[in-house]
Amino acid sequence: MILIVEDEAKIARFVQLELEHEGYSVKHISDGRAALESALTHDYELIILDLMLPGMSGIELLRRLRQSKDTPVIILTARDQIMDKVAGLDIGANDYMTKPFAIEELLARIRVHLKKRDAFKADRLTYGKLVVDRNSRSVTYDDVPVELTKKEYDLLVYLLENKNIVVSREQALDAVWGFDFYGNTNVVDVYVRYLRSKIDDVFDVKLVRTVRGAGYIIKD
Ligand code: CA
């Protein structure tokens, strides 16, 4: 869940729709004080923070948040708030964008920060006898090495990270091939087939399941 803290309704609505279109769940709060309360009591994946807010300034919100939480924060500033931008970075903002901004750039930055956060996650992902060691980027099934290409590996990791959640082709494409990939989502189907041929067929298991009309899932 991503939190948008922004009192300009039009901007908030626009960003929220774009994020939801990308598959994120989003909460929007326009008051600074209410947003701090929510940010302290929930584990948001990321916060998009306007600085000029009713209730409490974005800078003050961030300062108080950082006393107990390291949720990634992207600051939104107007052009004439450069000093606030500097102050924001000083007290622990992870990034900033100047209004007006291109939504594509905001989405790209969000991805970068979510990826960084993910890098701190578990070193080993497992599913039954399948083990993925992220440090060595190696995959084994029942201790037998499985040789995967980089994209096959990335797709497998993404599916394992989302275990028991249906992953759409668009989500997989974004996560594995990246925001700048303009190809067809069929590439996901192709790579799922590769994974099946290297794991399911070899070890006689059912790893990646197709959810008709929705995407793919690895589930217990
Ligand atoms: Ca504002």
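These numbers were taken from a predicted model, which means no experiment stands behind them.

Calculation criteria
- Residues numbered from 1 in each chain as written.
- Predicted model: local features only at pLDDT ≥ 70, side-chain atom pairs only at ≥ 80, totals over all residues.
- Heavy atoms only, no water.
- Salt bridge = Lys/Arg side-chain N within 4 Å of Asp/Glu carboxyl O.
- Helix = DSSP H or I, 4+ residues; strand = E, 2+ residues; numbered from the N terminus.
- Buried < 20%, exposed > 50% of the residue type's maximum accessible area, 1.4 Å probe, protein only.
- Pairing = 2+ DSSP bridges.
- Right-handed = clockwise from strand over helix to strand, strands pointing away.
- Phe/Tyr/Trp six-rings, centres within 6.5 Å; stacked < 30°, edge-to-face > 60°.
- Axes fitted to C-alpha atoms, helices over the stretch in contact; angles between N-to-C directions.
- Contact = heavy atoms within 4.5 Å.
- Core = buried A, V, L, I, M, F, W, Y, C linked by side-chain atoms within 4.5 Å.
- Parallel < 35°, antiparallel > 145°, perpendicular 65-115°, else oblique.
- Left-handed = near helix turned anticlockwise from the far one by under 90°.
- Donors = N, O, S within 2.8 Å, 3.2 Å for Na, K, Ca; no water.

(A) Just the pattern of salt bridges, in detail. For the structure shown, the criterion picks out 16 salt bridges. Across the pair R109 and E105 runs a salt bridge whose closest N-O atoms are separated by 2.6 Å. Of this pair, R109 and E105 both sit in helix α5 (residues 103-119), four residues apart, which is roughly one turn of the helix. Residue class for R109 comes out partly exposed when judged on its relative accessible area of 25%. Take E105: its relative accessible area is 36%, and that puts it in the partly exposed class.

(B) Summary view of the pairing of strand β4 (residues 73-78). Counting buried residues in β4 gives five out of six residues, a clear majority hidden from the surface. Relative to β4, strand β3 (residues 46-50) runs parallel, the two being bridged by four bridges. Opposite I48, over in β4, you have I74 as the bridge partner. The parallel pair β3 and β4 is bridged by helix α3 (residues 58-65), and the resulting crossover is right-handed.

(C) Broad picture of the packing of aromatic side chains. For the structure shown, the criterion picks out three aromatic pairs. Ring centres of W177 and Y191 lie 5.2 Å apart, and the angle between their planes is 75 degrees; this geometry places the pair in the edge-to-face category. Separated by 14 residues along the polypeptide, W177 in helix α7 (residues 169-177) and Y191 in helix α8 (residues 186-203) bring together distant segments of the chain. Each member of the pair W177 and Y191 is classed as buried.

(D) Spotlight on the sheet that holds strand β1 (residues 2-5). Strand order in the open sheet formed by five strands is β2-β1-β3-β4-β5, with parallel pairing between adjacent strands. Taken across any chain shown, the strands that pair with only one partner, and hence form the sheet edges, are β2 (26-29) and β5 (95-99). Averaged over all adjacent pairs, the angle separating strand axes in this sheet is 20 degrees, with direction ignored. Looking at chain direction, β4 and β5 are connected through five bridges and run parallel. Counted as the bridge partner of I75 is Y96 from β5. Along the sheet, α3 makes contact with β1, β3 and β4, crossing β3 at roughly 150 degrees.

(E) Focus on the nonpolar core. Core analysis: the largest hydrophobic core is formed by 31 residues, its most contacted members being L130, L156 and I199. Those elements that provide at least two residues to this core are β6 (124-127), β7 (130-133), β8 (138-141), α6 (150-161), α7 and α8. Those residues in contact with I199 that sit more than four places away from it in its chain are L130, Y141, V146, L156, D204, V205 and L207.

(F) Expanded view of the packing of α6 against α7. Interaxial distance between α6 and α7 falls to 9 Å at its minimum, and their mutual angle equals 125 degrees. Here α7 runs oblique to α6, going by the angle between their axes. By crossing handedness, the relation of α6 to α7 is classed as right-handed. Where α6 abuts α7, its residues K151, D154, L155 and Y158 lie against Q171, A172, A175, V176 and W177.

(G) Spotlight on the coordination of the calcium ion. Here the calcium ion is held by D7 (OD), D50 (OD) and M52 (O), and the distances to it run 2.1 to 2.3 Å. The sequence pattern formed by the donor residues of the calcium ion is D-x42-D-x1-M. With D7 in the loop between β1 and α1 (9-21) and D50 in strand β3, this pair connects stretches of sequence that are 43 residues apart. Taking relative accessible area as the criterion, D50 reaches 3% and is therefore assigned buried.

(H) Up close: the environment of L62. Within the secondary structure layout, L62 lies in helix α3. Assessed through its relative accessible area of 0%, L62 is described here as buried. As for L62 and I74, which are separated by twelve residues in sequence, their C-alpha atoms are 10 Å apart. Sequence-distant contacts of L62, defined by excluding residues within four places in its chain, comprise L49, V73, I75, G88, I91, G92 and A93.

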